[in-house]
Amino acid sequence: MAWPVGTYLQNLIDQFNQHFQRARIRKQDKDDNRAFVELEGWWRDYRIIVSEIHRKDGTVRYAYYVFDENWRKIHGFDNSADNDALHQKYGPVSTAHLHEELPHQHTSDGDICLTEGMDFEGFMGWVQANLPQP
């Protein structure tokens, strides 16, 4: 039985290419249990990195990041098992959740805020609404 995630990833790549200049695939891989893509492109003067890992069980690990031309982080959204995000959610018992993926955002000043889950469409909405014209 074919795993349909390849079609999703090709659609993601196509959408990324439509929205961003100098778009390229940095990494891409697929096996029977997971599929991975990492994309890089430019939005105005901002470097954009998008990565998604799709697992056979239907879960997705994502990271959507905005950098300036010198690779300084401007903003980011991901659902990694970030210690600071886990501590915000669980407090002193956060160590019991060390590998739990938790949606959160990173700001340029180092703040982390818990969020709802994000997908590429939601990230594009954020980019269009929040990244100023040069």
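Whatever comes next refers back to the structure up there.
Since this is a predicted model, take the numbers as computed values, not measurements.

Student: Help me understand the packing of aromatic side chains in this model?
Tutor: Aromatic ring pairs are described here by two measures, namely the spacing of the ring centres and the angle between the planes. On inspection of all chains with the given rule, the structure shows nine aromatic pairs. Taken together, a centroid distance of 5.2 Å and an interplanar angle of 20° make the contact between Tyr64 and Phe123 stacked. On the criterion of sequence distance, the pair formed by Tyr64 in strand β4 (residues 60–67) and Phe123 in helix α3 (residues 120–130) is long-range, its members being 59 residues apart. With respect to class, Tyr64 is no different from Phe123; both count as buried. Geometrically, the ring pair formed by Phe77 and Trp126 is edge-to-face, given 5.5 Å between the ring centres and 75° between the ring planes. Taken together, the residues span a long stretch of sequence, with Phe77 in strand β5 (residues 73–78) and Trp126 in helix α3 at a distance of 49 residues. Three or more aromatic residues joined by ring pairs make a cluster, and in this case those are Tyr62, Tyr64, Phe77, Phe123 and Trp126.

Student: I keep staring at unusual backbone geometry and nothing clicks. Help me out?
Tutor: Located in the positive-phi region is Arg44, a residue other than glycine, with phi close to 55°. With respect to the secondary-structure elements, Arg44 resides in the loop between β2 (34–43) and β3 (46–55). Backbone geometry at Trp71 places phi at a positive 65°, although glycine is not the residue there. By the element assignment, Trp71 lies in the loop between β4 and β5.

Student: Is there a simple way to think about the sheet that holds strand β1 (residues 21–30) in this case?
Tutor: Spatially, β1-β2-β3-β4-β5-β6-β7 is the arrangement adopted by the seven strands of the open sheet, whose pairing is antiparallel. At either end of the open sheet lies a strand with only one pairing partner, and these are β1 and β7 (112–114). This sheet shows a mean twist of 10° between the axes of neighbouring strands, independent of strand direction. For strand β6 (residues 104–107) and β7, the ladder comprises three bridges, and the chain directions are antiparallel. Along β7, the bridge assignment pairs His106 with Ile112. Contacts between helix α1 (residues 5–19) and the sheet are confined to β1, β2 and β3, with β2 contributing the most and set at about 5° to the helix. Sheet contacts for α3: β2, β3, β4 and β5; angle to β4, the most-contacted strand, approximately 15°.

Conventions we followed
Residues numbered from 1 in each chain as written. Predicted model: local features only at pLDDT ≥ 70, side-chain atom pairs only at ≥ 80, totals over all residues. Heavy atoms only, no water. Phe/Tyr/Trp six-rings, centres within 6.5 Å; stacked < 30°, edge-to-face > 60°. Helix = DSSP H or I, 4+ residues; strand = E, 2+ residues; numbered from the N terminus. Buried < 20%, exposed > 50% of the residue type's maximum accessible area, 1.4 Å probe, protein only. Pairing = 2+ DSSP bridges. Axes fitted to C-alpha atoms, helices over the stretch in contact; angles between N-to-C directions. Contact = heavy atoms within 4.5 Å.

That is the geometry; function is a separate question.
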